[in-house]
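Okay, here's what each chain looks like letter by letter:
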Amino acid sequence: MTPPARPEFVVDTSRLTLRQLTPDDAPFILELVNDPDWIRYIGDRGVRDLDDARRYITDGPMASYDRHGFGLYLVTVRADATPIGICGLIQRESLPAPDLGFAFLPAFRGAGYASEAAAAIVRLAPEIAGARELYAVVQPDNTRSFDLLGRLGFRPAGTTHLVPDGPALALLSMSVGGVAERPSAP
């Protein structure tokens, strides 16, 4: 018997659609993870061909959807479904709450797409991950990511190492979803 299909995560913002990655997205992932800024700020993932990209998707984001119920999502332009980046939540063993991650192709930076996608994920984090707190891990010299995260409400929370003997990375955090609404005036 085939297990029932899991509902696909899809979120629309004013200009974007965020959805689960599939192996069909391998050409886009191959391009994204080999962008020089990805390699500089995130790291070389050893993705050199479409088979590697499909493995990256199935062993990373798709495995996270199954294990945690969330992960990194493909970000496309709503008007024409052009893939432009990824954004979502990563559950790292070294952090007590999910980590917001995002990356966009160079042609789509500076237009507010990352901010729009990240704001949608932050807003949905309590629902999709049961999160009351979020983290972000950033290379200390990645000023564009620091600026975006600051606008979203992230604040410095120290440093962390994602791998033993790895570089010290800036750790930021923010509370989400736990703010009580004020009662309306009579």
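Residues numbered from 1 in each chain as written. Predicted model: local features only at pLDDT ≥ 70, side-chain atom pairs only at ≥ 80, totals over all residues. Heavy atoms only, no water.

Participant: Help me understand the packing of helix H1 (residues 26-33) against helix H3 (residues 50-68) in this model?
Facilitator: Helix-helix packing: each pair is described by the crossing angle between the helix axes and the interaxial distance. The geometry of H1 relative to H3 is characterised by a closest axis approach of 8 Å and an angle of 95 degrees between their N-to-C directions. Judged by the inter-axis angle, H1 sits roughly perpendicular to H3. For the pair H1 and H3, contact is made by Ala-26, Pro-27, Ile-29, Leu-30 and Val-33 and by Leu-50, Ala-53, Arg-54, Tyr-56 and Ile-57, respectively. For the contact of H1 with H3, a count of residues per class yields nine nonpolar, no polar and one charged. (Axes fitted to C-alpha atoms, helices over the stretch in contact; angles between N-to-C directions. Helix = DSSP H or I, 4+ residues; strand = E, 2+ residues; numbered from the N terminus. Parallel < 35°, antiparallel > 145°, perpendicular 65-115°, else oblique. Contact = heavy atoms within 4.5 Å. Nonpolar A, V, L, I, M, F, W, Y, C, P; charged D, E, K, R; others polar.)

Participant: Explain the pattern of salt bridges to me, please; I cannot follow it from the model alone.
Facilitator: Side chains bearing opposite charge may pair, as long as their charged atoms lie close to each other. Applying the stated rule across the entire model yields nine salt bridges. Between Arg-15 and Glu-116 there is a salt bridge; the shortest N-O distance is 2.7 Å. Linking Arg-15 in the loop between strand E1 (10-12) and strand E2 (16-20) with Glu-116 in helix H4 (residues 113-129), this pair joins segments that are 101 residues apart in sequence. What makes Arg-15 partly exposed here is its relative accessible area of 32%. One salt-bridge network, in which partners are shared between bridges, spans Asp-35, Asp-37 and Arg-109. (Salt bridge = Lys/Arg side-chain N within 4 Å of Asp/Glu carboxyl O. Buried < 20%, exposed > 50% of the residue type's maximum accessible area, 1.4 Å probe, protein only.)

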